[in-house]
Amino acid sequence: MKKNLTAWLCLLPALAFLLVFMVYPLVDVFVYSFEEGYNFASQSYFGVGLYNYDYVLHDPYFIQALKNTFIIVIITVPLSTGIALFISLELSNIKALRDFFQTVYFLPYVTNTLAVGLVFMILFKKTPYSDGLVNILIQLFGGKGVDFIDGPYWAKMFVMCFYTIWIVMPFKILILTSALASVNPMYYKAAKVDDTPPFRVFYKITLPMISPMVFYLVITGFIGAFKAYSDEVALFGTDLNAAGMNTIVGYVYDMLYGNSGGYPSYASAAALILFAIVFTITTINLMVSRKTVFYS
Amino acid sequence: MKIVLEHLTKRFPNRNKKIKDEVIAVSDFNFTIPDGKLVGLLGPSGCGKSTALNLICGLEKPTEGKIYFEDLDVTDLEPEKRGVGLVFQNYALYPHLTVRENIRFPLENLRGENKLTREVMEEKVLEAARLVQIDELLDRKPNEMSGGQQQRVAIARALVKMPKVLLLDEPLSNLDARLRLQTREEIKRIQTETGITTVFVTHDQEEAMSISDIIVVMKDGVLQQMGKPQEIYDEPINLFVAKFLGTPQINVFEGYIRDEKAYIGDAVVMDAKGAGDGDVYVAVRPEGFIVDENGPLACNFINREVMGRDTSVIASNEHFLGENIRAIIPSEEEVVPVEGCVRFSLKPHKVRLFDKIIEERIRTES
Ligand SMILES: Nc1ncnc2c1ncn2[C@@H]1O[C@H](COP(=O)(O)OP(=O)(O)OP(=O)(O)O)[C@@H](O)[C@H]1O
Ligand SMILES: [Mg+2]
């Protein structure tokens with residue numbers, strides 16, 4: 001009992017912080033989202049109900065943000081994980097220059113998002129002086145240039161996904177290369193003696209062995225992609241609604257502080273909708289993983 | 001299948017890159033493993049046993065020399081083309097697959113004309129499982145089984161394709177003493193039943209002695225002696241082999257030969273007909289001592305350990321190398337030390353003489 005008390009006492013500061021900075025705001029957001037016509041200045045509201053949710057779900061900007069977010073999630077999470085897995089496999093196969101390549105692949109991770117955004121601008125943006133490197137290349141091969149930053153939706157979405165994948169890949173490669181390195185080589189030797197074809201080695205041995213890490217990357221990948229915002233700003237500027245490239249988090253931010261801001265109730269409702277989505281997806285992920293992920 | 005090794009040598013670049021010297025893991029092996037025999041590859045840790053085994057199975061390529069399976073030169077053949085079954089020291093069972101899936105794994109790799117149907121695979125899996133007596137456990141995962149059971153699964157997986165050669169790398173080292181005894185009998189039984197040429201690596205001389213048809217003793221990559229267990233025990237070619245085989249260890253005294261007699265100190269312990277004068281090691285098996293009040297070898301009595309069937313007499317002597325002399329005598333025999341002294345005479349066929357410098361056996365006429 002006494003031991004217990006000491007433990008609780010030691011935990012107290014951490015618990016206090018959690019309460020003040022995590023639990024209280026969460027509850028607050030929850031409450032806000034049901035208060036109709038909340039006014040920041042007077043801290044007053046008309047009534048309680050689902051009006052905020054109704055508004056948000058019928059706001060074309062929110063619908064656009066929802067659509068963008070889902071497209072980004074569905075495209076970038078599998079692609080980035082898949083490509084990272086491929087690169088990690090290749091990396092663990094080469095012996096010479098492995099450290100060099102590992103550093104190269106890790107560089108984007110330690111580079112600032114905005115700096116990477118700038119590079120992407122140079123590559124993709126059309127200006128009065130230049131069509132951008134990628135367009136020049138397209139034209140060189142006889143294609144028709146397109147404005148990736150201010151042009152059609154699909155072009156913008158392409159750059160957006162490309163950029164997101166580029167940003168998240170280094171971390172995934174880092175995790176996967178170390179996961180691959182931790183697989184005991186004797187399994188590969190056993191497989192070799194048994195004349196196992198390479199694809200089967202990958203599918204039957206490597207993949208199950210690293211499945212906890214892959215699963216970790218998929219879960220955090222989903223959560224991260226659903227919370228996308230800063231990458232969009234880096235590419236398309238702060239007025240994401242005008243660019244048609246807003247995300248849910250971006251919408252929340254705009255509702256709080258943007259030009260059309262000052263609506264904490266709408267922001268809270270949108271935030272809770274995002275929470276519900278992420279929660280559902282993560283739960284589904286966990287359920288699927290119970291069948292497929294192998295923990296030794 | 002007969003396995004022939006010809007001048008087989010494997011050198012590794014030193015792991016410590018600053019040192020230029022290469023490590024010679026296997027040095028100029030020349031011997032033939034006869035068809036259908038169980039061969040124990042015996043040696044202390046780091047002497048190159050695993051390397052030798054890996055050379056035979058093809059996971060390592062020799063620096064020099066050739067390997068033949070019967071008349072076929074397999075030196076440059078990849079492991080999967082050699083048709084060997086390999087059991088790893090830690091079994092290397094795939095932990096995410098059930099026992100059934102583990103044993104079936106090699107069969108599923110068969111392609112082209114060798115491809116098997118589901119039913120045939122299932123039959124072969126069952127057959128292999130029955131052979132190692134784990135057919136009740138087919139739906140378990142490896143971590144739900146004891147070490148000995150995992151061991152048998154590993155053997156079943158290696159056997160399921162009916163390889164012509166079965167290679168086992170320290171298969172028993174992870175088991176407790178009782179299971180080790182049981183499993184080594186099991187390996188012997190399986191080998192006898194299948195008649196597959198089997199090479200099994202161990203650093204435990206007792207294990208090698210008890211189940212091998214032939215023992216190959218090696219040290220620092222060099223082959224020391226090859227032969228039947230009893231032969232090697234009785235006629236060790238050098239001091240290393242004499243000391244390595246047998247528990248308790250052989251008792252080694254410093255001695256010399258004068259006028260065709262072997263001496264320990266002033267005591268003449270045996271005849272050494274045909275041997276030249278010089279310093280020698282006199283090595284006596286524990287069972288080679290006879291308690292004899294008129295015996296030539298006087299030792300200080302220390303202790304007596306009764307172990308049921310026989311008794312260990314612990315004693316010391318100034319010419320003895322190492323801690324204490326350990327003599328084993330039948331437990332009916334009385335040991336009566338006189339003023340702390342016990343005298344022994346020696347059984348000549350349990351005493352071996354070794355040259356003091358090159359440590360090789362000195363043969364005497366008898
Ligand atoms: N891949 C390698 N690179 C460099 N040296 C190696 C390599 N493999 C083995 N060696 C060296 O070769 C020697 C023999 O190694 P090996 O593994 O064959 O010994 P072992 O008899 O199986 O020992 P143990 O009983 O401990 O398993 C050792 O000195 C070891 O350090
Ligand atoms: Mg070894």
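Residues numbered from 1 in each chain as written. Chains lettered and ligands numbered in written order. Predicted model: local features only at pLDDT ≥ 70, side-chain atom pairs only at ≥ 80, totals over all residues. Heavy atoms only, no water.

Participant: Explain the overall build of chain B to me, please; I cannot follow it from the model alone.
Facilitator: Tallying secondary structure elements over chain B gives nine helices and 21 strands in all. Counting only C-alpha atoms and orienting by the principal axes, one finds that chain B spans roughly 80 × 45 × 45 Å. A burial count over chain B gives 50% of its 366 residues as buried. Partitioning the contacts of chain B with sequence separation of at least 6, the portion at a separation of at least 24 is 65%. (Helix = DSSP H or I, 4+ residues; strand = E, 2+ residues; numbered from the N terminus. Buried < 20%, exposed > 50% of the residue type's maximum accessible area, 1.4 Å probe, protein only. Contact = heavy atoms within 4.5 Å.)

Participant: Is there a simple way to think about the sheet that holds strand S12 (residues 261-264) of chain B in this case?
Facilitator: Sheet strands associate in pairs through backbone hydrogen bonding, adopting either a parallel or an antiparallel arrangement. Residues and elements named next belong to chain B. Read from one edge of the open sheet, six strands run S13-S12-S11-S14-S20-S21, paired in antiparallel fashion. Because the sheet does not close on itself, it has two edges, and the strands there are strand S13 (267-271) and strand S21 (361-362). With five bridges joining them, strand S14 (residues 278-284) and strand S20 (residues 351-355) adopt antiparallel strand pairing. Bridge assignment links Val 284 to a residue of S20, and that residue is Val 351. (Pairing = 2+ DSSP bridges.)

Participant: Please explain the interface of chain B and chain A as it appears in this structure.
Facilitator: Often, the extent of an interface is quoted as the loss of accessible area on bringing the components together. With 20 residues of chain B at the contact, the number on the chain A side is 17 residues. Summed over both partners, the interface of chain B with chain A comes to about 2000 Å²; 62% of that surface belongs to carbon and sulfur atoms. Together, Glu80(B), Tyr94(B) and His96(B) form the three largest contributors to the area buried by chain B at its contact with chain A, with a combined 26%. Seen at the junction of chain B and chain A, the total is four salt bridges. In this structure, Glu108(B) engages Arg200(A) in a salt bridge whose closest nitrogen and oxygen atoms are separated by 2.9 Å. Taken together, chain B and chain A are joined by 10 residue pairs in polar contact (both at pLDDT 80 or more). Looking at the side of chain B that touches chain A, the elements with two or more residues in it are helix H2 (79-82), strand S6 (84-87) and helix H3 (99-108) of chain B. If you tally residues by element for the side of chain B that touches chain A, the top one is H3(B), at three residues. Partitioned by chemical class, the residues of the side of chain B that touches chain A number 11 nonpolar, three polar and six charged. (Buried area = accessible area lost by both parts, 1.4 Å probe. Salt bridge = Lys/Arg side-chain N within 4 Å of Asp/Glu carboxyl O. Polar contact = N/O pair within 3.5 Å; in protein donor to acceptor, adjacent residues only side chain to side chain. Nonpolar A, V, L, I, M, F, W, Y, C, P; charged D, E, K, R; others polar.)

Participant: Any chance you could explain the site of ligand 1 here in plain terms?
Facilitator: Residues and elements named next belong to chain B. As a matter of local geometry, ligand 1 sits amid 13 residues, with Ser 45, Gly 46, Lys 49, Ser 50 and Thr 51 nearest to it. A distance of 2.7 Å is found between an oxygen atom of ligand 1 and a backbone nitrogen or oxygen belonging to Gly 46. A distance of 3.0 Å separates an oxygen atom of ligand 1 from a polar atom in the backbone of Gly 48. The fraction of the free accessible surface of ligand 1 (630 Å²) that becomes covered by protein chains is 71%. Looking at the shell around ligand 1, the elements with two or more residues in it are strand S2 (23-33) and helix H1 (49-57). (Near = heavy atom within 4 Å. Areas by Shrake-Rupley, 256 points an atom, 1.4 Å probe, with all protein chains shown as cover.)

Participant: Looking at this model, I keep getting lost on the nonpolar core. Mind explaining?
Facilitator: Soluble globular proteins tend to pack their nonpolar side chains together in the buried interior. Grouped together as the largest cluster of nonpolar side chains are 80 residues, with contacts concentrated most on Ile3(B), Phe69(B) and Leu167(B). Looking at which element gives the most residues to this core, the answer is helix H9 (residues 198-226) of chain A, with 10 residues. When sequence neighbours within four positions are dropped, the list of residues in contact with Leu167(B) reads Leu53(B), Ile56(B), Cys57(B), Val84(B), Gly85(B), Leu86(B), Val87(B) and Val199(B). Core analysis: the next-biggest nonpolar cluster, separate from the first, contains 35 residues, Leu131(B), Leu175(B), Leu179(B) and Ile211(B) among them. (Core = buried A, V, L, I, M, F, W, Y, C linked by side-chain atoms within 4.5 Å.)

Participant: What am I meant to see in the pattern of salt bridges here?
Facilitator: Note that side chains of opposite charge can pair when their charged atoms are close. Residue and element names in this part refer to chain B. Tallying each qualifying case throughout the model produces 30 salt bridges over all chains. Across the salt bridge formed by Lys 10 and Glu 60, the nearest N and O atoms sit 3.8 Å from each other. Placement of Lys 10 in strand S1 (residues 3-12) and of Glu 60 in the loop between H1 and strand S4 (64-69) is noted, with a sequence separation of 50 residues between them. On the basis of relative accessible area, Lys 10 is assigned to the buried category, the value being 10%. When its relative accessible area of 22% is taken as the criterion, Glu 60 is described as partly exposed.

Participant: Hey, could you run me through unusual backbone geometry in this one?
Facilitator: Leaving glycine aside, a negative phi is the common case for residues, and trans is the common case for peptide bonds. All names here are of chain B. In this structure, Pro 248 follows Thr 247 across a cis peptide bond, with omega equal to -10°. Within the secondary structure, Pro 248 is located in the loop between helix H9 (239-244) and strand S11 (251-258). The backbone of Ala 92 sits at a positive phi, close to 55°, despite the residue not being glycine. Relative to the assigned elements, Ala 92 resides in the loop between S6 and H3. Classification of Ala 92 as buried rests on a relative accessible area of 0%. Positive phi is not limited to glycine here, since Gln 133 has a value of about 60°.

Participant: What exactly am I supposed to notice about a negative patch on the surface here?
Facilitator: A contiguous patch of negative charge, built from Asp259(B), Glu260(B), Asp277(B) and Glu365(B), is present on the exposed surface. Looking at the element boundaries, Asp259(B) is found in the loop between S11 and S12. (Patch = residues over 30% accessible without salt bridge, like charges linked within 9 Å, V, L, I, M, F, W, Y side chains within 5 Å. Lys, Arg positive; Asp, Glu negative; His and termini not counted. Charge placed at Lys NZ, Arg CZ, Asp CG, Glu CD.)

Participant: Please explain the sheet that holds strand S19 (residues 341-346) of chain B as it appears in this structure.
Facilitator: All names here are of chain B. What the five strands build is an open sheet, ordered S15-S19-S16-S17-S18; its pairing is antiparallel. One side of each edge strand has no neighbouring strand; the edge strands of this open sheet are strand S15 (289-291) and strand S18 (325-330). Each neighbouring strand pair of the sheet contributes to a mean axis angle of 50°, computed without reference to strand direction. Relative to S19, S15 is paired through three bridges, and the arrangement is antiparallel. Bridging from a neighbouring strand, Phe 289 pairs with Leu 346 of S19. (Axes fitted to C-alpha atoms, helices over the stretch in contact; angles between N-to-C directions.)

Participant: Help me understand the confidence of the model for chain B in this model?
Facilitator: Note: predicted coordinates in regions of low pLDDT should not be interpreted at a detailed level. Mean pLDDT for chain B: 91, with 100% of residues reaching 70 or above. At the level of chain-chain contacts, confidence expressed as ipTM amounts to 0.80, with global pTM at 0.81. (pLDDT = per-residue confidence, 0-100.)

Participant: What is the right way to look at the packing of aromatic side chains in this model?
Facilitator: Note on aromatic pairs: each is described by the distance of the centres and the angle between the planes. According to the stated counting rule, one finds 27 aromatic pairs over all chains in the structure shown. Aromatic pair Phe30(A) and Phe34(A): ring centres 5.2 Å apart, planes at 65°, arrangement edge-to-face. For Phe34(A), a relative accessible area of 23% puts it in the partly exposed group. Both rings, one in Phe253(B) and one in Phe320(B), keep their centres 5.1 Å apart while their planes meet at 65°; by these two values the pair is edge-to-face. In this pair, Phe253(B) sits in strand S11 while Phe320(B) sits in the loop between strand S17 (310-316) and S18, placing the two residues 67 residues apart along the sequence. A relative accessible area of 0% means that Phe253(B) is categorised as buried. (Phe/Tyr/Trp six-rings, centres within 6.5 Å; stacked < 30°, edge-to-face > 60°.)

Participant: Explain the pairing of strand S3 (residues 38-42) of chain B to me, please; I cannot follow it from the model alone.
Facilitator: Note on strand geometry: in a regular strand, side chains alternate between the two faces of the sheet. Residues and elements named next belong to chain B. Of all five residues in S3, five are buried, a share of seventy percent or more. Alternating positions in S3 separate into two faces, Leu 38, Gly 40 and Leu 42 on one and Val 39 and Leu 41 on the other, with burial throughout. Pairing of S3 with strand S8 (residues 197-202), which is carried by five bridges, proceeds in the parallel orientation. Considered in S8, the bridge of Leu 42 is made with Thr 202. Bridge analysis of S3 against strand S9 (residues 214-219) gives four bridges, and the strand direction is parallel. Bridging across to S9, Gly 40 finds its partner in Ile 215.

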